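Close look at the chain arrangement
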Amino acid sequence: MAISGILITLSHDSERQRLACERLRRDQRLVVGELLGRHVAASAVTASPDDDLALVDELRRADGVDSVEIVFVALDEHSGAES
Amino acid sequence: MSTVDRREFLKASALAAATAAAARASGISLPILEPQAAPSSSAQALRWDKAPCRFCGTGCHVMVGTENGRVVAIQGDQKAEVNKGLLCVKGYHVGLALYGRDRLTQPMLRTQGRLVPISWDKALDIVADRIAADPGRFAIYGSGQWTIGEGYAANKFIKAGLGSNLIDANPRLCMASAVTGFISTFGVDEPPGVYDDLDRCDVAILWGNNMAEMHPVLFSRLVDRRARGEKVVIIDLTTRRTRTSELADQVLFFKPQGDLAIANGIAHQLVKNGTCDTAFVAAHCNFRRLGEPGADGAQPDMLGVPMTFEEYAKALEPYTPQRVEELSGVPAESIVMLGDLFGRRDRRINSLWCMGMNQHTRGTAINCLVHGIHLLSGHFGKPGDAATSLTGQPSACGTAREVGTLCHLLPGGLSVTNPGHRAIAEKHWNLEPGRLSGRIGLHAVELFKRFSTPTDQGGDITTVWVQVTNPAHTIPDLNHSIRRKAQLADKFLIVSDVYPTATTELADLVLPSAMWVEKNGMYGNSERRTQHWFKMVEPPGEARDDAWQMIAVSRRLFDRGVPGMRDKDGRWLFHTADSAGKEIPIWEWKRYYSDTVVDERLFDEYRAFSRHKHKDLAPYREYVKARGLRWPVVQNSDGEWKETRWRFTEGSDPYVAKGKGFQFYHSVTKDDRALIWFRPYEPPPEVPDAEYPFWLCTGRVLEHWHSGTMTRRIPQLHRAMPKAYVEMNHLDARALGVRSGEMVTVRSRRGEVDLPVWLGGRGDPRPGEVFVPFFDENPLINRVTLAAYDPYSKQPDYKKCAVAVVPKA
Ligand code: SF4
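Since this is a predicted model, take the numbers as computed values, not measurements.

Looking at the environment of Glu600(B)
Residues and elements named next belong to chain B.
- By secondary structure assignment, the location of Glu600 is in helix H24 (residues 598–607).
- Since its relative accessible area comes to 19%, Glu600 is described here as buried.
- In sequence terms Glu600 and Arg621 are 21 residues apart; their C-alpha atoms lie 8.1 Å from each other.
- With residues up to four places along the chain from it excluded, the contact list for Glu600 reads Tyr620 and Arg621.

A closer look at the site of the ligand
Residue and element names in this part refer to chain B.
- Lining the immediate environment of the ligand, one finds Cys53, Phe55, Cys56, Thr58, Gly59, Cys60, Leu87, Cys88, Lys90, Gly91, Pro216 and Val217.
- Of all the cavities here, the one that holds the ligand is the second largest cavity.
- Of all the elements in the fold, those that place two or more residues in the shell around the ligand are helix H2 (89–92) and helix H9 (216–227).
- Considering only residue class, the shell around the ligand consists of eight nonpolar, three polar and one charged.

Quick notes on the nonpolar core
All names here are of chain B.
- Phe157, Val464 and Leu509 are the most contacted members of the largest nonpolar core, which has 91 residues in total.
- The biggest single contributor to this core is helix H22 (residues 546–559), with eight residues.
- The residues contacting Val464, other than those within four sequence positions of it, are Ala139, Tyr141, Leu447, Phe448, Phe451, Phe492, Leu493 and Ile494.
- The next biggest cluster of nonpolar side chains, apart from the first, holds 76 residues, and it includes Ala263, Cys285, Ile349 and Tyr665.

Considering unusual backbone geometry
Residue and element names in this part refer to chain B.
- A cis amide bond links Trp631 to the next residue, Pro632, at an omega of -5 degrees.
- Relative to the assigned elements, Pro632 resides in the loop between strand E23 (629–630) and strand E24 (634–635).
- Here the bond from Asn778 into Pro779 is cis, since omega is 15 degrees, no more than 30 degrees from zero.
- Relative to the helices and strands, Pro779 is located in the loop between strand E32 (769–773) and strand E33 (801–807).
- Non-glycine residue Gln112 carries a positive phi angle of around 50 degrees.
- In this structure, Gln112 sits in the loop between strand E4 (108–111) and strand E5 (114–117).
- Of note, Lys670 is a non-glycine position whose phi angle comes to about 55 degrees, a positive value.
- Relative to the elements of secondary structure, Lys670 occurs in the loop between strand E25 (641–642) and strand E26 (674–678).

Section: the sheet that holds strand E27 (residues 694–699) of chain B
All names here are of chain B.
- In space, the six strands of this closed barrel follow the order E27-E32-E28-E30-E29-E33, with mixed pairing throughout. With strand direction ignored, the average angle separating the axes of adjacent strands in the sheet is 45 degrees.
- Bridging between E27 and E32 involves five bridges; their strand directions are parallel. Opposite Leu696, over in E32, you have Val770 as the bridge partner.

Describing the side chain of Asn170(B)
Residues and elements named next belong to chain B.
- In this structure, Asn170 sits in the loop between strand E7 (167–169) and helix H5 (171–174).
- Engagement of the side chain of Asn170 in a polar contact is seen with the backbone nitrogen of Gly144, the distance being 2.8 Å.
- Beyond its immediate sequence surroundings of up to four residues, Asn170 is in contact with Tyr141, Gly142, Ser143, Gly144, Gln145, Gln393 and Thr469.

Focus on the domain arrangement of chain B
All names here are of chain B.
- What the domain assignment lists for chain B is domain 1 (6–98), domain 2 (108–173 + 395–592), domain 3 (176–389) and domain 4 (694–807).
- Between the C-alpha centres of domain 2 and domain 3 the distance comes to 36 Å.
- Counting residues at the interface gives 10 residues for domain 2 and 13 residues for domain 3.
- Taken over both partners, the interface formed by domain 2 and domain 3 buries close to 1,000 Å², and the fraction arising from carbon and sulfur atoms is 41%.
- In terms of surface lost to domain 3, no three residues of domain 2 exceed Arg401, Glu527 and Arg528, which account for 56% of the buried area on that side.
- Across the contact surface, domain 2 and domain 3 share one salt bridge.
- Across the pair Arg401 and Asp189 runs a salt bridge whose closest N-O atoms are separated by 2.8 Å.
- Our enumeration of links across domain 2 and domain 3 arrives at seven residue pairs in polar contact (both at pLDDT 80 or more).
- Sorting the residues of the side of domain 2 that touches domain 3 by element identifies H5 and helix H18 (396–404) as the ones contributing at least two each.
- Split by residue class, the side of domain 2 that touches domain 3 holds three nonpolar, two polar and five charged.

Comments concerning the packing of aromatic side chains
All names here are of chain B.
- Inspection of every chain in the model, using the stated rule, returns 35 aromatic pairs over all chains.
- Their ring planes at 40 degrees and their centres at 6.4 Å tell us that Phe309 and Tyr312 sit as a pair that is tilted. Taken as a pair, Phe309 and Tyr312 lie in helix H13 (residues 309–316) at a separation of three residues, close to a single helical turn.
- Accessibility expressed as a relative area gives 2% for Tyr312, which makes it buried.
- Three or more aromatic residues link up through ring pairs in this structure, and these residues are Phe182, Phe186, Phe280, Phe380, Phe648, Tyr655, Phe662, Phe664 and Tyr665.
- Sitting over the ring of Tyr499, Arg103 keeps its end group 5.9 Å from the ring centre.
- It is Arg240 that lies over the ring of Phe771; its NZ or CZ is 3.5 Å from the centre.

Each value, and the rule that gives it
- Within each chain, residues carry numbers counting from 1 in the order of the written sequence.
- For this description, chains carry letters from A and ligands carry numbers from 1, given in the order in which they are written.
- Totals for whole chains, interfaces and linings use all residues, but because this is a predicted model, local features are given only for residues with pLDDT of at least 70 and pairs of side-chain atoms are given and counted only at 80 or more.
- Values reported for side chains reflect all heavy atoms of the structure, with hydrogen atoms and water molecules removed beforehand.
- The numbering of helices and of strands both runs from the N terminus, where a helix is a DSSP run of H or I of at least 4 residues and a strand a run of E of at least 2.
- Using a 1.4 Å probe on the protein chains alone, a residue whose accessible area is under 20% of its type maximum counts as buried, one over 50% counts as exposed, and one in between counts as partly exposed.
- When checking whether two residues touch, look at their non-hydrogen atoms; a contact exists if any pair is within 4.5 Å.
- Any residue with at least one heavy atom within 4 Å of a molecule or strand is counted as near it.
- In the cavity and pocket records, a cavity denotes points on a 1 Å grid over the protein atoms alone where a 1.4 Å probe fits but cannot get out, a pocket denotes an open set with protein on both sides within 12 Å along at least 5 of 7 lines, and lining residues are residues with an atom within 4 Å of a point.
- The way we define it, a molecule is inside a pocket or cavity when more than half of its atoms are within 2 Å of that pocket's grid points.
- Any residue that is not Ala, Val, Leu, Ile, Met, Phe, Trp, Tyr, Cys, Pro, Asp, Glu, Lys or Arg is counted as polar, Gly included; the first ten are nonpolar and the last four charged.
- For the purposes of this section, nonpolar cores are sets of buried Ala, Val, Leu, Ile, Met, Phe, Trp, Tyr and Cys residues that join through side-chain atoms within 4.5 Å.
- A pair of strands is treated as paired once DSSP finds two or more bridges between them.
- To get an axis, a line is fitted to the C-alpha atoms, and for a helix only the part in contact is used. The angle between two axes follows their N-to-C directions and goes from 0 to 180 degrees.
- Here a polar contact is taken to be a pair of N or O atoms separated by no more than 3.5 Å, where protein atoms must pair a possible hydrogen donor with a possible acceptor and residues adjacent in sequence count only if both atoms sit in side chains.
- The start and end points of each domain follow an automatic or database-based domain assignment.
- As used here, buried area is the combined drop in accessible area, with a 1.4 Å probe, of two parts when they are placed together.
- What counts as a salt bridge is simple: a side-chain nitrogen of Lys or Arg found within 4 Å of a carboxyl oxygen of Asp or Glu.
- Stacked, tilted and edge-to-face pairs are distinguished by plane angle, under 30 degrees for stacked and over 60 for edge-to-face with tilted covering the rest, among Phe, Tyr and Trp rings (Trp via its six-membered ring) whose centres lie within 6.5 Å.
- A ring has a charge above it when a Lys NZ or an Arg CZ is no more than 6 Å from the ring centre and no more than 35 degrees off the ring normal.

What follows is the structure, given as structure tokens:
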């Protein structure tokens, strides 16, 4: 299980912004906060760190999303590797 | 707390952190709340503490969540001015750097070819034996990732304890030309400007600087201004298209080494158009050029000789836009545009650079030239008007440059060759006058050359102790340097590190180190900001602090009667006493953290040095409270410690006299003036030819920190960028008949490596150029690079050498 906090910046276009926001709120993996300006905060819960990164990539490509930044990562269920 | 409660708590913390970031991004001010501790029994409570990030020189602050002795969560520190709650992908995963499965946890001695565990007692005895046997052939090689305390302990150990200057550190490979540029121009090291300039400039000019990947949080700070409706123009002067280019307003490609011509072209335009800031120049600047070479061809000294403005203008005459276009490849009209831009007083211009200008055989020259065009045009010392060198490592400034862990420096910017400076250091260290050596030690490339040469052939360095760095991966032209050590049985390599590396592979003795929040520490970032953190978790196994290792060896030498390890009153150099005056045995590991804060004792001793060059530091306890303070930090009449933003500028810098406006109080010419240098374009030492037709440039990538020993053990970063590659232009690939993913050999006169080709990937070189990131230990691209270096800074050029690219059959 991976938990992260994500800052999502939405499009300037109000209609695309509204649609993107609705889509985010329907996504079971996310708990989405208030829309602040064109920024919205979310926490994400996914099965693994890889799924977490895949989710961020997916959000980056989504219509109405200008940028996605990770701002919090819970590390305890990740394990290190050998180089 | 149950697992479910814990998850809910972490989810709530994640959302709170993201909400704070969203509020900040949208300009809404929410109260900054401390991250909450988990509502649970005290044994399991999640605790949050501040620390600077372990990786780059930006110096972002993170909040580190620990639970049951383990780092379990990371978030950007909302209270930190540097990053305002943001981190890059490396920063968010920094906690995992502690938990690679192959952490070094025991001292190990090479015995019959294998590293075999031994006790700390035995390991320290071996180190002490090697040093005592021949102190004049022993050297320390350290790091810009040493904490300030660690660097200070190593510096005092060798300079005061052994009376030698045989210490250098890896900032020689990344920052040395910035240092010589600052000293040549201002008479003293480190930038006048601060990161606030990123928030205030109208134009940012990136000189060979892929800021989007190398200093991503600072780049966001710049680019985010556009999202707030502010206009900031980014001009990317570069040799290849990068992620930075994607967000730049203008991308100007230049030929390797062409930056020297561009800077001279801008200066020429300012002079020709009469758009220099003549009042500023007349009041605050002198002109300088290099003297003539010595009869034996020796380099002229770095202080140069005076020249008049007219002579300066004459020297610039050849740098017409057309000539600069020939030398640099940048169109003449773009040179005119840059000249016009610098000529405008209604624009604030921030030049930014990192390795592109520093890893350069004329690194000192290009640093001086960029400072020069800022001074000549008066784009200096006002918010947004600055020439800013960004550091690669978290404490290249704080430790190597300020503590002086280089072969020519003493702490606080003092010089080993200056008898007055040595006398100051002898006083602070309570040594007999004349104890310190005035002979400059060996810079990194030379140090490893001597270490890798048989003793009977002039290889007079026989033992090297490496801490917190990986020279067998990062020194240029490895095949003819440290990697030859494997064939030299009488040379002895001691390595203190946290993971197996290319250097531990060659080591005779490996000492396991504590890292980052497993110890107390302080770093100093690129904007003169000194930052502090406390130990949060225990290191694994028998891993111990690097400073303790140095102190414990020093004590052994003291006990054996090595005279340098005592001061003139007979006390041990690292003598530490409790409030009743009773000695605390800090050389015993079990007492190192229990009875005192050794870092505080080292820092407060070091702090005494900081006043001599106006680099004043506050007492240790002030840094415990702050998210870093930018020096000079001076105490106000009300007792408050106040940091400095713009150095040499009246109203900001406490050392500038009232009414002066600007005052370069360490001026080389002793008249409070900065120097504007003329330095000509000079060709690189090696250029492509028929046999080696490509330019090779090496560098970093977003996901990996330097030689990758930490970031490659973070699964998320490793998977995102698992191995090195060679980027090339699609036209060259077509001509060679290779496609993305196919293997090629990259070969120079010095060595070769095999790599997969990556076309149209992260970056896109110009035809005739290739790029290889250096994080991967397999293959080692530094087997191919050139060991040529700047004559003043001794910093090698990793950005340009000639190679052939040959498809694998
Ligand atoms: S790696 Fe550099 S930019 Fe990234 S979080 Fe750490 S200090 Fe900041």
